[in-house]
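Report on the structure
Here is how the chains run, residue by residue.
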Amino acid sequence: MTRAHHRSGHRTRWVAAAAVTALGAGTVRARRRLAALPLLDPAGPHDTRQPPLSGWQLITTPDVEADEVTLRAAVAHAEREGLRVLDLIPTHLDAESALGLLRLLDPAAHRTDRCAPGHGAGHALLVADDVHRRAGLAAAPPPRSPADLFRLARTLKEYAPDATGWAIAPGLTPLPPDPARRAEELGARGLPPGLVSAAQLAGLALLLKCLVSAPRWGAAATALYWLQPVVVLAPARALRPADLAHATAVRPLRSLSSALRTLRTPPADPSAADDAPARRAAYTAELADGTDRFFEPRREDCPWCSAPELAVRVRMPDLLQGKPGRFTLEECRRCGHIFQNPRLTQDGLDFYYRDFYEGLGGEGAALLLGRMNGTYRARAEMIKPFGTPSSWLDVGTAAGHFCNAARAVWPDTRFDGLDMGEGVHEAERRGWIATGHQGQFPDLADRLAGRYDTVSMHHYLEHTRDPFAELDAAVKVLAPGGHLLIELPDPQARIARLLGPHWLPWFQPQHQHLIPAGNLRQALTARGFTLLAEQHGAAHQNNADFIGAVALTANRIAPDPHAPWATVPATRARRAARSAVQAMAVPCYGAAFALDTVRTAVARATDGGNAYRLLARKEPG
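Just so it is clear, the structure is predicted and the values come from calculations on it, not from any experiment.

Reading the values: the criteria
Residues numbered from 1 in each chain as written. Predicted model: local features only at pLDDT ≥ 70, side-chain atom pairs only at ≥ 80, totals over all residues. Heavy atoms only, no water. Helix = DSSP H or I, 4+ residues; strand = E, 2+ residues; numbered from the N terminus. Rg over C-alpha atoms; globule rule 2.2 N^0.38 Å. Buried < 20%, exposed > 50% of the residue type's maximum accessible area, 1.4 Å probe, protein only. Contact = heavy atoms within 4.5 Å. Areas by Shrake-Rupley, 256 points an atom, 1.4 Å probe, with all protein chains shown as cover. Lys, Arg positive; Asp, Glu negative; His and termini not counted. Charge placed at Lys NZ, Arg CZ, Asp CG, Glu CD. Pairing = 2+ DSSP bridges. Axes fitted to C-alpha atoms, helices over the stretch in contact; angles between N-to-C directions. Phe/Tyr/Trp six-rings, centres within 6.5 Å; stacked < 30°, edge-to-face > 60°. Patch = residues over 30% accessible without salt bridge, like charges linked within 9 Å, V, L, I, M, F, W, Y side chains within 5 Å. Salt bridge = Lys/Arg side-chain N within 4 Å of Asp/Glu carboxyl O. Core = buried A, V, L, I, M, F, W, Y, C linked by side-chain atoms within 4.5 Å. Parallel < 35°, antiparallel > 145°, perpendicular 65-115°, else oblique. Left-handed = near helix turned anticlockwise from the far one by under 90°. Nonpolar A, V, L, I, M, F, W, Y, C, P; charged D, E, K, R; others polar.

**Remarks on the overall build of the chain**
When helices and strands are tallied, the chain shows 23 helices and 15 strands. Against the 2.2 N^0.38 benchmark of 25 Å for 621 residues, the chain shows a C-alpha radius of gyration of 26 Å, consistent with a compact globule. Expressed as lengths along the three principal axes of its C-alpha atoms, the size of the chain is roughly 75 × 75 × 50 Å. When burial is assessed residue by residue, the chain has 50% of its 621 residues classed as buried. Residue pairs in contact within the chain that sit at least 24 positions apart in sequence constitute 77% of those at least 6 positions apart. Roughly 28100 Å² of accessible area belongs to the chain as shown, and the carbon and sulfur atoms make up 57% of that amount. Counting 71 positive and 63 negative side-chain charges, the chain places the averaged centre of each group 8 Å from the other.

**A look at the sheet that holds strand β6 (residues 326–332)**
Each strand in a sheet pairs with its neighbour through backbone hydrogen bonds, running either in the same direction (parallel) or in the opposite one (antiparallel). The strand order across the open sheet built from four strands is β5-β6-β7-β13, with neighbouring strands paired in antiparallel fashion. The open sheet has two edge strands, β5 (310–317) and β13 (513–514), and neither has a second partner. In the sheet, strand β7 (residues 338–340) pairs with β13 via two bridges, with the strands oriented antiparallel. The partner of phenylalanine 339 across the bridge, within β13, is histidine 513.

**Section: unusual backbone geometry**
That bond from asparagine 341 to proline 342 is cis: its omega, 5°, falls within 30 degrees of zero. Among the structural elements, proline 342 can be located in the loop between β7 and α13 (346–353). Unusually for a residue other than glycine, aspartate 63 sits at a positive phi of about 75°. Within the secondary structure, aspartate 63 sits in the loop between β1 (56–60) and α2 (68–81). Since its relative accessible area comes to 66%, aspartate 63 is described here as exposed. A positive phi angle, near 70°, is found at asparagine 543, a position not held by glycine.

**Some words on the sheet that holds strand β9 (residues 414–419)**
The strand order across the open sheet formed by seven strands is β10-β9-β8-β11-β12-β15-β14, and the pairing between neighbours is mixed. Across the chains shown, the open sheet's two edge strands, defined by having one partner strand only, are β10 (436–438) and β14 (529–535). Here the strands of the sheet are splayed against their neighbours by 20° on average, with no regard to which way each runs. Where β14 meets strand β15 (residues 611–618), six bridges bridge the pair, whose relative direction is antiparallel. Looking at β15, one finds that phenylalanine 529 is bridged to lysine 618. Contacting β12 (478–489), β14 and β15, helix α21 (residues 517–526) crosses the sheet at an angle of about 10° to β15.

**Description of the packing of aromatic side chains**
Applying the stated criterion across every chain, the model contains 13 aromatic pairs. Measuring from centroid to centroid gives 5.8 Å for phenylalanine 356 and phenylalanine 507, while their planes differ by 85°, and the two rings are edge-to-face. Taken together, the residues span a long stretch of sequence, with phenylalanine 356 in the loop between α13 and α14 (362–369) and phenylalanine 507 in the loop between α20 (494–499) and β13 at a distance of 151 residues. Measuring from ring centre to ring centre gives 5.3 Å for tryptophan 392 and phenylalanine 415, while their planes differ by 35°; the resulting arrangement is tilted. Of the two residues, tryptophan 392 is situated in strand β8 (residues 391–395) and phenylalanine 415 in strand β9; the sequence distance between them amounts to 23 residues. In terms of burial, tryptophan 392 and phenylalanine 415 fall into one category: buried.

**Side note on a nonpolar patch on the surface**
A cluster of nonpolar side chains, contributed by Leu208, Leu211 and Val212, occupies part of the molecular surface with about 290 Å² of accessible area. For valine 212, the position within the fold is in helix α8 (residues 193–213).

**Thoughts on the pattern of salt bridges**
Tallying each qualifying case throughout the model produces 32 salt bridges. Close ionic contact of arginine 251 with glutamate 96 constitutes a salt bridge, the shortest N to O distance being 2.9 Å. Here arginine 251 is found in helix α11 (residues 251–264), whereas its partner glutamate 96 is found in helix α3 (residues 95–104), with 155 residues between them in sequence. A salt bridge links arginine 181 to glutamate 185; the shortest N-O distance between them is 2.8 Å. On the basis of relative accessible area, glutamate 185 is assigned to the buried category, the value being 18%. Taken together, the shared-partner salt bridges in this structure form one network comprising Glu158, Glu426, Arg429 and Arg430.

**Things to note about the pairing of β8**
Counting buried residues in β8 gives five out of five residues, a clear majority hidden from the surface. Residues Ser391, Leu393 and Val395 of β8 are buried on one face, and the alternating residues Trp392 and Asp394, pointing to the opposite face, are buried as well. Here β8 pairs with β9 via five bridges, running parallel. Counterpart to tryptophan 392 in the pairing with β9 is phenylalanine 415.

**With respect to the nonpolar core**
Ranked by size, the top nonpolar core spans 36 residues in total, and within it Leu393, Phe441, Leu484, Leu520 and Leu524 carry the most contacts. Those residues within four positions of leucine 524 in sequence are excluded, and the remaining contacts are Leu471, Leu484, Ile486, Phe529, Leu614 and Ala616.

**Quick notes on the packing of α8 against helix α23 (residues 572–606)**
Packed helix pairs are characterised by how far apart their axes lie and by the angle those axes make with each other. Put simply, α8 and α23 touch, their axes get as near as 9 Å, and they point 55° apart. The angle between α8 and α23 falls in the class oblique. α23 is crossed by α8, and the crossing has right-handed handedness. Contacts between α8 and α23 involve Leu195, Ala198 and Ala199 on the former and, on the latter, Gln582, Ala583 and Val586. Among the residues forming the contact of α8 with α23, the class breakdown is five nonpolar, one polar and no charged.

Geometric values such as these leave the question of function open.
The structure is reproduced here in C-alpha cells:
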C-alpha cells in the first residue's frame, strides 16, 4: 500500500467514526425528544357538560378524523398546560414522518422558545378561538394537504409563540405516506427540497464509501443508519408506526428513491402564482428604461465628514435578489466611512426593496429573522447592568422578531415597533408589539417625543439615507436618562477584504452607509450621549461570512430564472443549471459552516467580529 493510499484510508476511518458519532447523537436526541411528547389520556377527567370544542377550533387535513373522546382530551390538556395551539400527532404516524418530525421539533425547547419555528405532524391542529380570530383563519380556505397544515403550524406558532404545544393523540386517523408529496412538504416546512435531497444522497454515498474503505467503522455507521427507526421508535409506547418493520428493512433503498424523486420534482414556480403575470409585467415596464434613473449623481465628498478624499472599496451587482444594476461602495480616506456612491434614489430603493422583506421574498426573510433568537436575547440583555426598561421602541423592527424574543428577557416591558413596511401591523396582530408605527423615524419623532426610555436600532442605521437625522430623531424620542442601543455591521472587519463583494454584510443595494464604530461614538457624544458599553465579538453574526459568501456566489453563478425581474427566459437549461449549482454548493455549505464555526469562536475570544453594538445613555439637559 502506498503512503497516499494509507493516508486516504486513515482519513476515511476518521470520517466513518465521525458519521457513527453523528448518527448516534441524532438517535439519542430523537429518543429524548420523543420522550418529551405527552400522550393524551382519553380516560382522564373531562368536562362533558360543554361541547367538545367549546372555545376551540379543530383544523385537519382531508381524511383525518378525531373522535369526541380525543377532542375532549386534547382540549383538557391544552387548557391544563396553558396552550393556545396544540398540534395533534397520530399514534400510528408512519416511521419516516415520525423521524422527520423529531429531527425538526424539540418539544421541550420549542415550547418556551418564542422564536422557534412552528413544526407539526401535518394532521390536525387545535386552535383557541382568540388565536383563530387574530390569525384571520375564519376567511381562509380549509387545508387541502399536509403541506397546508405544515404552513399553518408555522403561522400559528407566531401567534402563540410561548403557548404552542404538541401531543400524541391515540384517536387520530393517520394519513398514509405519499412520496409524491415530499418536495411540497419540505418546502412547506421551510426546507429547500433540492438541497435536502442532495444532502441525503451525499450522506448515502458517504456511507457506501466508508463501507468500502473502512469496513469496520463503515459497517457500524451503516447499521446505525439502517436500524435507526427501530432504535428510536420501537421502545416507545406513545408512537407505534404500523410500518416500522418494513420502513426499517427498506430504509436505504427508500431514502435513495425518495431523494431522487424529489430532485426530479420541478421546483415551485413563482410564475404560476395568480398575480405572477401582473408582477412580471410591472417589473418589465420598470426595467424598460434601464436602471440608471434609479441613481442620484455621484457624490464628490464624504457624507460623514465632508472630506473629498474618496476611494472605491468594492463594486458588485445585486447578489441578493439578482435584480439588474451595479453598485459601488466608496470609502473616505480620512474618517473611514463607507457609503453607496452613487446612491439610490427613493424610487430606486423602492424598486430594490420590493419583494425582499414582503411579497415574494417575505417567507424567506421571515425564516431567516426567526432563527436569530440567541442574537435577539443578547441584544436585550445588554441593558441589564444599567436599568430596567419600561417602554421600548424598536426602530426598523420589520415584523417585530426582536421584540418577540426580548419579551422573554423583559416580560413587563412595553415593546413598540417602527418601520416603513406593513410588517409592523402584522406584529401587532401577533401580539409581538403593543403598537406599530409605520413611516420614517425622523418624520414621526415629534409625535413620539419623550415617550420611551429605550430605543433600539438593530441593523437599521446602515439602511437609512441620513444616519445623522435618525440619531437626532432618537434624541427627541428618548426621555432624559434613556438608553439608545445600536447594532451595525463592522466595515473594519478583516474578513470584509478577504471576501470582497461576496461579504454578506455589504448587503447591496440596501446598505447605504457602513459606519466605523469610532465615527458612531463621536456622533453620539456630540448629541449628548454617554457611552455605557461596546461589544464586538459578542455582536458577531454567525454564518454571515463564509456561508453568506457561498450563498451569494451560487446566486451569482445561477440566478433564479423564475424571478419576475429576470431578463432572460426561464428555459429548461437555465432551470437545470440553477439546480446543478445549488446541488454542487451543498458540500461548500458544509465547509463554510465549519469555517464560520471557527470564525465565531475566534471572534468571541478576540472581541473582533463582523458587527458591533453600542449602548449609550441620553444625559439630562
